[in-house]
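# Geometric and topological summary
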Amino acid sequence: MGVPLATVIEDYELTNRYRRPVPFLFGPDTSEEVAFILLSAQPKYLEAALQEIDRAFGSFQAFLEQRLGVDDAARARLIEMLTEPNPEGNPE
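About the thresholds
- Residues numbered from 1 in each chain as written.
- Predicted model: local features only at pLDDT ≥ 70, side-chain atom pairs only at ≥ 80, totals over all residues.
- Heavy atoms only, no water.
- Phe/Tyr/Trp six-rings, centres within 6.5 Å; stacked < 30°, edge-to-face > 60°.
- Helix = DSSP H or I, 4+ residues; strand = E, 2+ residues; numbered from the N terminus.
- Polar contact = N/O pair within 3.5 Å; in protein donor to acceptor, adjacent residues only side chain to side chain.
- Contact = heavy atoms within 4.5 Å.
- Expected span 1.5 Å × (residues − 1).

## Things to note about the packing of aromatic side chains
Each pair of aromatic rings is reported with the distance of its centres and the angle of its planes. A full pass over the atoms with the stated rule returns two aromatic pairs. Arranged with centres 5.7 Å apart and planes meeting at 45 degrees, the rings of Phe60 and Phe63 form a pair that is tilted. Within this pair, Phe60 and its partner Phe63 are both found in helix H4 (residues 60-66), separated by three residues, close to a single helical turn. Among the aromatic residues, those joined into a ring-pair cluster are Phe57, Phe60 and Phe63.

Here it is, written out as structure tokens:
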């Protein structure tokens, strides 16, 4: 989507800070420790997934097009919905 990887990882890690309690997702015998691990955002997993996408498709853009069928119009709409303008107006 044109966002630097560091920004993507930083945003992903915010999941750990702003996560809401969702005990209903697990059975009553699930410990808090296990639930925390299952719900935590771990950057190494996102980084591994993105590396595999690059390996298999050559780029994230190619993955969007070839695997998910995201054309230029859909990509532009996703960028509009999922990103915010850089306040300094500089590309990151």
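## Focus: the side chain of Ser40
Relative to the assigned elements, Ser40 resides in the loop between helix H2 (32-39) and helix H3 (43-57). In terms of polar contacts, Ser40 uses its side chain to reach the side chain of Gln42, at 3.1 Å. Ignoring sequence-local partners within four residues, the contact set of Ser40 consists of Asn16 and Arg19.

## Quick notes on H3
Compared with an ideal rise of 1.5 Å per residue, which puts 15 residues at 21 Å, H3 spans 21 Å between its outermost C-alpha atoms and is within 8% of the ideal. Just downstream of H3 lies Gly58, where phi reads positive at about 95 degrees.

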